[in-house]
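Chains, contacts and geometry: an overview
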Amino acid sequence: MSLHTEAAPDVRETVHEAARRARIAARTLGTLTSAVKDRALHAAADAVLAHTHQILAANAEDVGAARAVGTPEAMLDRLALNPHRVDGIAAGLRQVAGLPDPVGEVLRGRTMPNGLQVRQQRVPLGVVGMVYEGRPNVTVDAFGLTLKSGNAVLLRGSSSAARSNAELVTVLAARADDYAYIPLLWASVVALVVPGIVHYLSGWLTMHTLLLAQWATFIVLCLVFRLPAITTRLIPRSVRHWR
């Protein structure tokens with residue numbers, strides 16, 4: 001259930017500007033080495049753990065607001081964070097850091113009769129757009145997976161988790177200041193679309209389109225990270241932290 005939020009002024013331009021910044025950042029992300037991306041992921045995990053109190057405080061406001069409007073308990077449970085779940089979010093980032101870097105992997109190739117070498121190689125997509133429900137952990141999961149694969153990500157989470165998502169992105173952005181070797185990292189690489197923009201998005205995205213977008217994003221990430229290996233090594237473990 002999404003809580004009603006007043007539309008932000010000039011939301012069309014806000015969305016377009018976030019997308020433009022993400023596109024610029026993607027050009028740098030695609031050239032980062034595995035070591036740099038892995039250090040950034042571990043730094044992000046450290047930042048999440050160091051700011052557990054602030055994250056839980058923001059989440060408590062989201063849960064309180066959602067409960068006040070009669071949100072079902074099952075949805076409240078998906079929305080709620082606790083110290084154990086925050087630990088799981090950080091652990092997920094470290095697990096992504098431990099995965100092989102898909103960028104640059106050569107899948108197949110051959111040499112043509114004229115000597116020309118042809119090969120199929122994994123490269124970043126550029127910018128990934130993601131629409132998802134009220135699960136704050138997905139904000140960080142999406143960041144981790146897209147950073148590892150050399151992509152920027154434009155996020156549109158549920159308005160019911162607006163405070164939690166905003167705090168998580170703020171925490172990650174603050175940590176990015178310590179890592180000058182990743183220019184524009186969390187300010188542009190992970191662009192959080194504010195809740196008010198849903199009024200703009202809903203003008204051209206139906207519910208069925210939103211669901212398809214979620215699945216399409218998941219499938220793209222799976223292809224980048226060579227499923228089914230990622231489903232057995234990452235997703236079940238992440239889910240276990242939410243039990």
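This text gives an overview of the structure that appears in the document. As the structure is a computational prediction, the values presented were derived from the model and not from experiment. For every chain, the first residue of its written sequence is number 1, and the numbers climb from 1 along that sequence. Restriction of local features to residues with pLDDT of at least 70 applies here, the model being predicted, together with a cutoff of 80 or more for giving and counting side-chain atom pairs; totals for whole chains, interfaces and linings are based on all residues. In computing side-chain properties, one takes all heavy atoms of the structure into account and sets aside hydrogens as well as water.

Considering the pattern of salt bridges
Let me state the cut-off plainly: For this document, the term salt bridge refers to a Lys or Arg side-chain nitrogen within 4 Å of an Asp or Glu carboxyl oxygen. The rule is simple: take the accessible area with a 1.4 Å probe, protein chains only, and divide by the maximum for that residue type; under 20% is buried, over 50% is exposed, in between is partly exposed.
In the structure shown here, the tally under the stated rule is 10 salt bridges. Across the pair Arg 20 and Glu 13 runs a salt bridge whose closest N-O atoms are separated by 2.3 Å. Residue class for Glu 13 comes out partly exposed when judged on its relative accessible area of 35%. One network of salt bridges, with partners in common, ties together Glu 13, Glu 17 and Arg 20.

What about the packing of helix α2 (residues 34-50) against helix α3 (residues 52-68)?
The test is simple: To get an axis, a line is fitted to the C-alpha atoms, and for a helix only the part in contact is used. The angle between two axes follows their N-to-C directions and goes from 0 to 180 degrees. To qualify as a helix, a DSSP run of H or I must reach at least 4 residues; to qualify as a strand, a run of E must reach at least 2; elements of each kind are numbered from the N terminus. Angle categories: roughly parallel below 35 degrees, roughly antiparallel above 145, roughly perpendicular from 65 to 115, and oblique for all the rest. Note on contacts: a residue pair is in contact if any heavy atoms of the two residues lie within 4.5 Å. For this classification, the nonpolar set comprises Ala, Val, Leu, Ile, Met, Phe, Trp, Tyr, Cys and Pro, the charged set comprises Asp, Glu, Lys and Arg, and every other residue, Gly included, is treated as polar.
With their axes 5 Å apart at the nearest point, α2 and α3 run at an angle of 65° to one another. In this view, α2 runs roughly perpendicular relative to α3, as classed from their interaxial angle. Contacts between α2 and α3 pair Val 48, Leu 49 and Ala 50 from the former with Thr 52, Gln 54 and Ile 55 from the latter. Residues that form the contact of α2 with α3 fall into these classes: four nonpolar, two polar and no charged.

Topic: the side chain of Lys 37
Examined against the element boundaries, Lys 37 turns out to sit in helix α2. The contacts of Lys 37, once residues within four sequence positions are left out, are Leu 32, Asp 101, Val 103, Leu 147, Lys 148 and Gly 150.

Comments concerning the packing of helix α5 (residues 83-97) against helix α6 (residues 136-148)
The condition that has to hold: Two helices that cross are described as forming a left-handed crossing if the nearer one is turned anticlockwise from the farther one by less than a right angle, and a right-handed crossing if clockwise.
The geometry of α5 relative to α6 is characterised by a closest axis approach of 10 Å and an angle of 10° between their N-to-C directions. As judged from the angle between their axes, α5 and α6 are roughly parallel. Of the two elements, α5 crosses α6, and the hand of that crossing is right-handed. Contacts between α5 and α6 pair Ile 89, Leu 93, Val 96 and Ala 97 from the former with Asn 137, Val 140, Phe 143, Gly 144, Leu 145 and Lys 148 from the latter.

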